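The lines below spell out each chain.
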Amino acid sequence: MAPKCGVKIKLNRQSWWTLYWFRECDVIVPAQNGVNPGWEKKVIEYFKEKLKENNAPKWVPSLNEVPLHYLKPNSFVKFRCMIQDMFDPEFYMGVYETVNRNTKARVLHFGKYRDVAECGPQQEVDLNSPRTTTLERQTFYCVPVPGESTWVKEVYVNTNQARVSPSTSYTPSRHKRSYEDDEDMDLQPNKQKEQHAGTRQAGSVGGLQWCGEPKRLETEASSGQQLNSLNLSSPFDLNFPLPGEKGPACLVKVYEDWDCFKVNDVLELYGILSVDPVLSILNNDERDASSLLDPMECTDTAEEQRVHSPPASLVPRIHVVLAQKLQHINPLLPACLNKEESKTFVSSFMSELSPVRAELLGFLTHALLGDSLAAEYLILHLISTVYTRRDVLPLGKFTVNLSGCPRNSTFTEHLYRIIQHLVPASFHLQMTIANMNHLKFIPHKDYTANRLVSGLLQLPSNTSLVIDETLLEQGQLDTPGVHNVTALSNLITWQKVDYDFSYHQMEFPCNINVFITSEGRSLLPADCQIHLQPQLIPPNMEEYMNSLLSAVLPSVLNKFRIYLTLLRFLDYSISDEITKAVEDDFVEMRKNDPQSITADDLHQLLIVARFLSLSAGQTTLSRERWLRAKQLESLRRTRLQQQKCVNGNEL
């Protein structure tokens, strides 16, 4: 009797989900029964319902936390990532037919959620079958969220209840290593490839590699050799935007609604893990490569093949069953704050907002060496976000320049550590002549490899970018350095990055919180300059900052983290009554001294009032908060004026 078409879901003893297709990852239906078009929707609906169950997502193993060699091929996994690049759509065999060479029996197979179309013993793919269906899917190149804070990773690890051990059902002939170690791996020697070639029938059609026997091809590693069979002269570049990043990059196959996603979106994916070693085999000469690759792909350059078909052990594939954009990556909050079930959490936290703000203000005052005014502005900066765009003008951005910082000291480095402990994602840019001249800030299109090469400014929304200008010394900026400074200025002013596509530039809107530390006024534009007035100078800055962090209870630190993330998503409005009062106030100030306030100053006041209100948990502007905003701005301007008089020049 022919097997019944379907999907088998198994919850093993370690309590994490593994998805198996029938007959070693195969969904098959008898040819006489035809294709059941509804099975795909049933799979998606099944997992949607399962993931709604209490704590169900926590039982799914995550590629962010679990080493790849601990996961079984074709298991159900999740991945928290950013779309770094979008490859061209690819065609694959949605349905294909195999023929038994002895009995001539025909069987239809589904090709969805897989890369390798495998056949049973004595079976071969009928490439001319009229039942073969070609479908389309989109491939994203995804990387772990750039700049993700250590505390975020730790919370995700601690809350994930999936317990896994090295897979025993899929044991390769070499010891599996971590992602970083795999950069030095080598594919199996040519001799071993020839032995495999003699015992299996291989080929590719419609985006699916296929082989003549069910046993998978394994790979071997040689620690002292390079990836010669991939024509690699150096370890494979995972194309992470920021230096020092670790974790897996993945080729993500999306089957529906891919138009909803764009480059730099942060996603949480649930799907089928594909790490078949046959994906890693690309021979040196074109003749061998053409026997494994789709004929349409043989026109690709060797560099494009290298980038688009990296070793599966280094860049695994995920076939997406469910995907959702993430509002944020703070694991201490519900993933979607707009849902009804999240309202209880939000209302409960808002009820205790006042003491949290007071404690955070005190904490940041100590971090800023006793300067409470600078701490107020740092809070406003950390909760700021671009809430809308009017034509090309981003509204809500609030770049702060903290001037008066000690030159060539470790103050900014330690202040960044404090910020890093509070926000989910951040990056510290040391603005030296060497860095500005040599670092790649702007992503650019590599037409040879047909990929988007990442740059430092390819960051997800709400990333905190801390720029240390105190390290800048006299020197010559070359052409790349000038371009990098221009890119930073455009990011701050317009909240956009112009990606370089050689023949043209393409604007990518962004929402990055930029905080600049400098000795005098920053060379970069800023929405607000606040001059630091230290009330104490610790003899040992490192000990002082370490003791400050250790004095804060973990529970209090978590409240700070929730506070700074949650307030970004609160709605805000100004009543007609307050709008009229603000207009009258502006006219009155102009009447007393026309030079004292401009339209730009009014805009700045409204931004400060907005985030000051939100920082207190108020979603509408009150008269009290408007007066407080005017007071803060007056204190800030007075301080700058005093410093200008002391130094005799403009800060």
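Up top you'll find the structure we're talking about.
This report concerns the structure included in the present document. Not measured: the values here are computed from a predicted model.

**Here's the deal with the overall build of the protein**
In terms of regular secondary structure, the protein is built from 17 helices and 25 strands. Contacts spanning at least 24 positions in sequence make up 78% of the contacts within the protein whose residues lie at least 6 apart.

**Points about the packing of helix H8 (residues 353-367) against helix H13 (residues 541-551)**
At a closest axis distance of 10 Å, the pairing of H8 and H13 adopts a crossing angle of 165 degrees. When the axis of H8 is compared with that of H13, the two are roughly antiparallel. For H8 against H13, the interelement crossing comes out left-handed. Contacts from Phe363, His366 and Ala367 in H8 reach Tyr544, Met545, Leu548 and Leu549 in H13. Classifying every residue of the contact of H8 with H13 gives six nonpolar, one polar and no charged.

**With respect to the packing of H8 against helix H10 (residues 411-420)**
Between two packed helices, what matters for the description is the angle formed by their axes and the separation of those axes. Direction vectors running N to C along H8 and H10 enclose 160 degrees, while the axes themselves pass 10 Å from each other. Between H8 and H10, the interaxial angle falls into the category roughly antiparallel. Between H8 and H10 lies a crossing of right-handed hand. The segment H8 lies against H10, with Phe363, Leu364 and Ala367 engaging Phe411, Leu415 and Ile418. Looking at the contact of H8 with H10 residue by residue, the classes come out as six nonpolar, no polar and no charged.

**Notes on the pattern of salt bridges**
Under the definition given, this model contains 29 salt bridges. The partner of arginine 80 in a salt bridge is glutamate 65, with the nearest N and O atoms 3.5 Å apart. Of the two residues, arginine 80 sits in strand E4 (residues 76-86) while glutamate 65 sits in the loop between helix H2 (39-52) and E4, which places them 15 residues apart along the sequence. Ionic contacts of the salt-bridge type, sharing partners, join the residues Glu65, Arg80, Glu148 and Lys153 into one network.

**As for the nonpolar core**
One finds Phe363, Leu364, Leu402, Phe411, Leu422 and Tyr563 to be the most contacted residues of the largest nonpolar core, which totals 75 residues. Setting aside anything within four residues of it in sequence, one finds phenylalanine 411 in contact with Ala367, Leu368, Leu369, Leu402, Cys405, Pro406, Leu532, Met541 and Met545.

**Remarks on a nonpolar patch on the surface**
A contiguous nonpolar patch, built from Val392, Leu393 and Trp494 and spanning about 280 Å² of accessible area, is present on the exposed surface. Position of leucine 393 relative to the elements: it lies in strand E16 (residues 393-395). Judged by relative accessible area, leucine 393 falls into the partly exposed class, the value being 40%.

**As for H2**
Count 3.6 residues to each turn of an α-helix, and residues three or four apart come out pointing the same way. Compared with an ideal rise of 1.5 Å per residue, which puts 14 residues at 20 Å, H2 spans 20 Å between its outermost C-alpha atoms and is within 8% of the ideal. Regarding H2, the residues found buried are Trp39, Val43, Ile44, Phe47 and Leu51. For H2, the buried positions fall inside an angular range of 145 degrees around the axis, keeping them on one side. The outward face of H2, more than 90 degrees from its buried face, is lined by the exposed residues Lys41, Lys42 and Lys52.

**Describing the pairing of strand E23 (residues 505-509)**
Direction of pairing for strand E22 (residues 496-500) relative to E23: antiparallel, over a ladder of five bridges. Directly across from aspartate 500, in E23, lies its bridge partner glutamine 505.

**Concerning the sheet that holds strand E21 (residues 464-468)**
The five strands lie next to each other as E18-E21-E24-E17-E25, forming an open sheet whose pairing is parallel. Each edge of the open sheet is held by one strand with a lone partner, namely strand E18 (426-430) and strand E25 (528-531). Averaged over all neighbouring strand pairs, the angle between strand axes comes to 20 degrees, with direction disregarded. Sheet topology note: the strand E17 (residues 400-403)/strand E24 (residues 513-517) ladder contains three bridges and is parallel. Counterpart to valine 400 in the pairing with E24 is phenylalanine 515.

The rules behind the values
- Residues numbered from 1 in each chain as written.
- Predicted model: local features only at pLDDT ≥ 70, side-chain atom pairs only at ≥ 80, totals over all residues.
- Heavy atoms only, no water.
- Helix = DSSP H or I, 4+ residues; strand = E, 2+ residues; numbered from the N terminus.
- Contact = heavy atoms within 4.5 Å.
- Axes fitted to C-alpha atoms, helices over the stretch in contact; angles between N-to-C directions.
- Parallel < 35°, antiparallel > 145°, perpendicular 65-115°, else oblique.
- Left-handed = near helix turned anticlockwise from the far one by under 90°.
- Nonpolar A, V, L, I, M, F, W, Y, C, P; charged D, E, K, R; others polar.
- Salt bridge = Lys/Arg side-chain N within 4 Å of Asp/Glu carboxyl O.
- Core = buried A, V, L, I, M, F, W, Y, C linked by side-chain atoms within 4.5 Å.
- Buried < 20%, exposed > 50% of the residue type's maximum accessible area, 1.4 Å probe, protein only.
- Patch = residues over 30% accessible without salt bridge, like charges linked within 9 Å, V, L, I, M, F, W, Y side chains within 5 Å.
- Areas by Shrake-Rupley, 256 points an atom, 1.4 Å probe, with all protein chains shown as cover.
- Expected span 1.5 Å × (residues − 1).
- Arc of directions from axis to C-beta.
- Pairing = 2+ DSSP bridges.

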